[in-house]
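# Coordinate inspection notes
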Amino acid sequence: MSIQVDHVTKRFGAFAVLNDVSLHVQDGELVALLGPSGCGKTTLLRILAGLERPDQGRIFLHGTEVTDRRITERRVGFVFQHYALFRHMTVAENVAFGLTVQPRVQRPSAARIQEKVCELLTLVQLQAMAGRYPSQLSGGQRQRVALARALAVEPKLLLLDEPFGALDAKVRKELRRWLRRLHDEVHITGILVTHDQEEALEVADRVVVMHQGNVEQIGTPDEVYERPASPFVCQFLGDVNVFHGRAVQERNVADLPPLPDEKRVTTVGVVGEHEVTFVRPHDLEVHRSRTHPSQLEATVRYVLTAGSRVWIELSTQDSMQAIEVELTKERYRELDLREGEIVFVHPRHRQVFKIPQS
Amino acid sequence: MNAVTIIADKDLQWKESLTTESVFVRRSLIAAAFLYLTLFLFIPLAAVFAEALKGGILAYVGSFLNEDALAAIRLTLLVASVVVPLNALFGVAAAWVIAKFDFVGKQILITLIDMPLAVSPVISGLIYVLLFGLQGWFGPWLADHDIKILFALPGIVLATIFVTVPFVVRELIPLMQSQGREEEEAAITLGASGWQMFTRVTLPNIKWSLLYGVILCNARAMGEFGAVSVVSGHIRGLTNTMPLHVEILYNEYNAVSAFAVASLLTLLAVVTLAVKAIVERKAHFPTIVADPISNVQTGSIR
Amino acid sequence: MSFILKQPSVLPGFALTLGFTLFYLGVIVLIPLSGLFVKTSTLPWEQFWGITTTPRAIASYQLTFGASFVGAIINGLFGSIIAWVLVRYQFPGRSAIDALVDLPFALPTAVSGITLAAIYSSNGWIGRFLEPLGIKVAFTPLGILVALTFIGLPFVVRTVQPVLQDLDKEVEEAAATLGANRWQTFRAVIVPELWPALLTGIAMAFARSVGEYGSVIFIAGNMPLKSEITPLLIMTKLEQYDYAGATALGVVMLVVSFVLALAINLLQWWSSTRHMNQ
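All values reported here derive from a predicted model rather than from experimental measurement.

## Some words on the overall build of chain A
Within chain A, the secondary structure is distributed over 9 helices and 18 strands. If one aligns the C-alpha atoms of chain A with their principal axes, the spans along those axes are about 80 × 45 × 35 Å. Within chain A, buried positions represent 53% of all 358 residues. Contacts spanning at least 24 positions in sequence make up 67% of the contacts within chain A whose residues lie at least 6 apart.

So, in structure tokens, the structure goes:
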């Protein structure tokens, strides 16, 4: 089922939680709403579900306007952040709930319901847990029960509110890969809310990055990561070094993008404009000797080895700005760096944004 | 005594000395608590039954087998059977609206619900006398239409409702607030109607607290003395509830019968406290024992 | 006063349950209580003042508030000890005692009244030992104190107990590692945590005692000016069909109750928020 969000605004008091948000989701897509807490992503999800009403704007599901439809008429499955399992019902009873509350005419037979519950528990790999109560399950298992329960009523749209938020790191990772595989199996349109960029990039077909009630960027995980549309998106999607400066005439653009500093900046805009440049730690190349004139000279301050990666903190000679570099262990061994040594760095890849003059 | 126990004891003592008191202090405090509770709890509790059985088991049973006592028991049961369902219904409705919605004026509503707890029982009776008495607001009109509220069943019921209004709702609000709205929202998203949501999700979640609230409300309704005393008129065989009957017997120096009827009410109170203890245990351990297997699996996907 | 939903909700039944709640409270609580004030407002001020300041009325206030206060203080002390013992120590019968503490709350007041009168009368279980010492309890103001102490018992225990249970053991361990002995830890760490709950419990016991009627009248003796509590005085006036007198005294009691309820709310608000802005 396709989704169309048309200029939706939602206020709580004077505070606009959603500010004229528009969005289109294709049938069968799995989309992540990504942003820091308070960016409005959960509110948008609840509006789609019909748990909240927008102040302005319209919502279309499969081309039909549903803005004023009640939640029960929308046929959406909603998976709550804290699962909201019925604590006094077994796993099987939880999954069957949506079927057993249907009006008598539509309700499947008891045997059919049981069969269906069995199928769903197989799908979420919890056949053995059918008779358990929620309090006897681990967090990951509860989450899968919540999913099975939502899928039981065959919704055309599945909405997940921070589905892995309450789980520990390892279970999270397993569960989100499982969710991706599940989605490839059942092909249901899905929207998932998360504040974890890794989760969004790994699970979703497309990512909607939100900030302070606005949509900052919509795109595939590669697009938003490689070509962020705004400084916020760039900073939110992983670690980044930030360089402030003023645009100057750039010499050899094609050759090697220089690293800017206070005096010597780069770029795309009009000369003299304020600019900010973002370089990810792993996009910085480090050499023991100068291999190019535009390389920046810096001193090694700290070296931190963490598993397969090595983090190095550099500081530039003149501005004392701290620069973080991420190296592979091999590259680090090759360079054989010690704290206090001088190195030369340049970016393989960078993002430059103009800063509007205020 | 062997060496191992001594070492173990010392180890325990050393650990405990950080965050607990010496044995002497501990024993003294327990003794003080016991002494106080003996004076004010155990002795009175035992005395009720001792006094009731002073004249032997026949006299005890005989205390209930007369017209006045049976009439008092019947009236008390009748009053409770009207008051308790009404206050239970009110309790669920008020707890639902207070615990699950945010609205302007909620605090005022809660204060209003608590009001009867702050008011002296004598005043709880007095306000109904002022409303329905001959000089009251509705008194003349009621007299003209020959409707008796004061010194009759309706007055006793009204005063008892007033006094016991808070009991069910006060048990439910904290529980329903702590349970949040998500389970009910989930039921609605899964297509349940309001009634299905209530009977299949809300009610099972609150049933134990509701049960305790109802039983406490019942105990207080059956035992209310001050307010009922004001509105009942003490008409023997007609408007005497059990506590009023106890008073009359006692004032007639019929101590054995007074304590016999009192012992029934005391049993009711003890049962109420037992139910409370059970409900609290249920609340602490909501479902059966946790299964060790589920702890091992910790959500890994096979 | 308007009731408006602050946030729309998908949960059903808001209008229905709110409507029913308001209707029920209006009929059962609000209209009858306001009737008391309306009735009072028809009394001329001089008459109201006259009724509420007779020597008999003033003696009853002194007795009611005095005995309630002393009873509440006694319960403050022993209630704290009982709460402490129930939370911190293991001993046989602990859970049974824990359940029984609420007995004075669940027991009909008339039953408490006749029972206490029987125990403390000159040939009662306890009274017979006090009699030779020259201490008379039943049918004296001391009897009133006993009854009010009895009914106030659960309040301090039940307000202090949960706070003690929630007290973080680590804080006490921290105090011990910093060199405090047990008494110092108790004084400097535990008491400040318990203080608001203890005050709340004492205030609740006091508020309950002030209005108490049933358990007191059997043991009090009920002599005007000597052992007559204010609720009994109201009752006496009602029996004499002196509605004006009963109403005036009722308003005095009600105002005191409201002030106490307000104080208790403030105490609870204080105990729940005092650590927030630190």
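## Quick notes on the environment of B:P116
Of note, B:P116 is situated in helix 5 (residues 106-118). The class for B:P116 is buried, based on a relative accessible area of 5%. Through-space distance from the C-alpha of B:P116 to that of B:Q196 is 33 Å; in sequence the pair is 80 residues apart. With sequence-adjacent residues up to four places away left out, B:P116 is seen in contact with B:F162, B:V163, B:V165, B:P166 and C:V29.

## Notes on the interface of chain C and chain B
In this assembly, 94 residues from chain C lie in contact with 92 residues from chain B. Counting the surface lost from both chain C and chain B, the interface buries some 8300 Å², and carbon and sulfur atoms represent 81% of this. Looking at the side of chain C facing chain B, the largest losses of area belong to C:L11, C:Y24 and C:Y89, adding up to 8% of the total buried there. Connecting chain C to chain B are 1 salt bridge. For B:K276, the salt bridge is made with C:D102, and the minimal N-O distance between the two is 2.6 Å. Per-class residue counts for the side of chain C that touches chain B are 67 nonpolar, 17 polar and 10 charged.

## So, unusual backbone geometry
The backbone of A:R75 sits at a positive phi, close to 55°, despite the residue not being glycine. As for its position among the elements, A:R75 is in the loop between strand 5 (64-65) and strand 6 (76-79). Looking at A:R75, the relative accessible area reads 41%, which means it is partly exposed. Phi at B:F151 is positive, roughly 55°, even though this residue is not glycine. Topologically, B:F151 is positioned in the loop between helix 7 (139-144) and helix 8 (153-179). Judged by its relative accessible area of 29%, B:F151 is partly exposed.

## Some thoughts on helix 5 of chain B
The end-to-end C-alpha separation of helix 5 of chain B is 19 Å, in line with the 18 Å expected for 13 residues at 1.5 Å each. The sharpest bend along helix 5 of chain B measures roughly 25° and falls at B:L112, with the proline B:P116 sitting one to four residues further on. Those residues of helix 5 of chain B that are buried lie in contact with helix 4 (67-100) and helix 8 of chain B together with helix 1 (14-41) and helix 13 (243-273) of chain C.

## Some details on the interface of chain A and chain B
Listed by partner, the interface residues are 38 residues for chain A and 29 residues for chain B. Contact with chain B buries area across many residues of chain A, yet A:R87, A:V101 and A:Q136 alone supply 20% of it, more than any other trio. In this assembly, chain A and chain B are joined by 2 salt bridges. A:R46 is the partner of B:E185 in a salt bridge, and the nearest nitrogen-oxygen pair spans 3.0 Å. Here chain A and chain B share 6 residue pairs in polar contact (both at pLDDT 80 or more) between them. Every element with two or more residues in the side of chain A that touches chain B is listed here: strand 6, helix 2 (91-100), helix 4 (139-152) and helix 5 (169-186) of chain A. At 5 residues, the largest contribution of residues to the side of chain A that touches chain B is made by helix 4 of chain A.

## Some thoughts on the sheet that holds strand 3 (residues 30-34) of chain A
Residue and element names in this part refer to chain A. Strand order in the open sheet made by the 6 strands is 6-7-8-3-9-10, with mixed pairing throughout. Looking at which strands have only one partner, the edges of the open sheet turn out to be strand 6 and strand 10 (214-219). For this sheet the average axis-to-axis angle between neighbouring strands, irrespective of direction, equals 15°. Note: strand 3 against strand 8 (residues 189-194), 5 bridges, orientation parallel. Paired with L34 across the two strands is T194, which belongs to strand 8.

## Structural notes on the pattern of salt bridges
If you walk through the whole model with that rule in mind, you get 37 salt bridges over all chains. The partner of A:K170 in a salt bridge is A:E174, with the nearest N and O atoms 3.6 Å apart. Placement of the pair is A:K170 and A:E174 together in helix 5, with a separation of 4 residues, close to one helical turn. Using a relative accessible area of 27% as the deciding quantity, one classes A:E174 as partly exposed. Each member of the salt-bridge network shares a partner with another, and the members are B:K276, B:E280, C:D98, C:D102 and C:R158.

## Focus on the nonpolar core
Of all hydrophobic cores here, the largest spans 215 residues; its most connected members are A:V5, A:F97, A:L159, B:Y128, C:I28, C:I82 and C:Y120. Formed by 46 residues, the second largest nonpolar core is a distinct cluster that contains A:L137, A:W178, A:V203 and A:V233.

## Points about the confidence of the model for chain A
Reading fine detail from the predicted coordinates is not recommended where pLDDT is low. All names here are of chain A. Per-residue pLDDT for chain A averages 85, and the proportion of residues at 70 or more is 90%. Confidence drops under pLDDT 50 across residues 251-257; counting only partners more than four residues distant or on other chains, this segment forms 7 contacts. Here residues 260-269 is modelled with pLDDT under 50, and outside its nearest four sequence neighbours on either side it reaches 34 contacts, counting other chains as well.

## Points about the packing of helix 6 (residues 121-132) of chain B against helix 8 of chain B
Residues and elements named next belong to chain B. Contact geometry for helix 6 and helix 8: axes closest at 9 Å, N-to-C directions at 140°. Viewed along their axes, helix 6 and helix 8 adopt a mutual orientation that is oblique. For helix 6 against helix 8, the interelement crossing comes out right-handed. Contacts between helix 6 and helix 8 pair S124, I127, Y128 and F132 from the former with L158, A159, F162 and V163 from the latter. Looking at side-chain class alone, the contact of helix 6 with helix 8 contains 7 nonpolar, 1 polar and no charged residues.

## Here we look at the state of the cysteines
Counting across every chain of the model gives 0 disulfides over all chains. Here A:C234 stays free of any disulfide, with the sulfur of A:C39 as its closest cysteine sulfur at 18 Å.

## Considering the packing of aromatic side chains
If you walk through the whole model with that rule in mind, you get 28 aromatic pairs over all chains. Linked through ring pairs, B:W96, B:F101, B:F103 and C:F14 together constitute an aromatic cluster. A cation over an aromatic ring shows up here: B:R220 above the ring of C:F105, its NZ or CZ 4.9 Å from the ring centre. For the cation-ring pair, C:R88 lies above C:W84, with the distance from its terminal atom to the ring centre recorded as 4.8 Å.

## Considering the side chain of A:R172
All names here are of chain A. Here R172 lies in helix 5. In this structure R172 comes out as buried when scored by relative accessible area, which is 11%. Only 3.2 Å separates the side chain of R172 from the backbone oxygen of F164, close enough to count as a polar contact. Filtering out sequence-adjacent residues up to four positions away, R172 remains in contact with F164, G165, L167, D196 and E199.

## Quick notes on the packing of helix 9 (residues 169-177) of chain C against helix 10 (residues 182-211) of chain C
Residues and elements named next belong to chain C. At a minimum axis separation of 10 Å, helix 9 and helix 10 run at an interaxial angle of 130°. It follows from the interaxial angle that helix 9 and helix 10 lie oblique. Note on packing geometry: the crossing formed by helix 9 with helix 10 is right-handed. Side by side, helix 9 and helix 10 meet where V171, E172 and A175 of the first sit next to R182, T185, V189 and I190 of the second.

Basis of the calculations
- Residues numbered from 1 in each chain as written.
- Chains lettered and ligands numbered in written order.
- Predicted model: local features only at pLDDT ≥ 70, side-chain atom pairs only at ≥ 80, totals over all residues.
- Heavy atoms only, no water.
- Helix = DSSP H or I, 4+ residues; strand = E, 2+ residues; numbered from the N terminus.
- Buried < 20%, exposed > 50% of the residue type's maximum accessible area, 1.4 Å probe, protein only.
- Contact = heavy atoms within 4.5 Å.
- Buried area = accessible area lost by both parts, 1.4 Å probe.
- Salt bridge = Lys/Arg side-chain N within 4 Å of Asp/Glu carboxyl O.
- Nonpolar A, V, L, I, M, F, W, Y, C, P; charged D, E, K, R; others polar.
- Expected span 1.5 Å × (residues − 1).
- Bend = angle between axes of the 7 residues up to and from the residue.
- Polar contact = N/O pair within 3.5 Å; in protein donor to acceptor, adjacent residues only side chain to side chain.
- Pairing = 2+ DSSP bridges.
- Axes fitted to C-alpha atoms, helices over the stretch in contact; angles between N-to-C directions.
- Core = buried A, V, L, I, M, F, W, Y, C linked by side-chain atoms within 4.5 Å.
- pLDDT = per-residue confidence, 0-100.
- Parallel < 35°, antiparallel > 145°, perpendicular 65-115°, else oblique.
- Left-handed = near helix turned anticlockwise from the far one by under 90°.
- Disulfide = S-S within 2.5 Å.
- Phe/Tyr/Trp six-rings, centres within 6.5 Å; stacked < 30°, edge-to-face > 60°.
- Lys NZ or Arg CZ within 6 Å of the ring centre and 35° of its normal.

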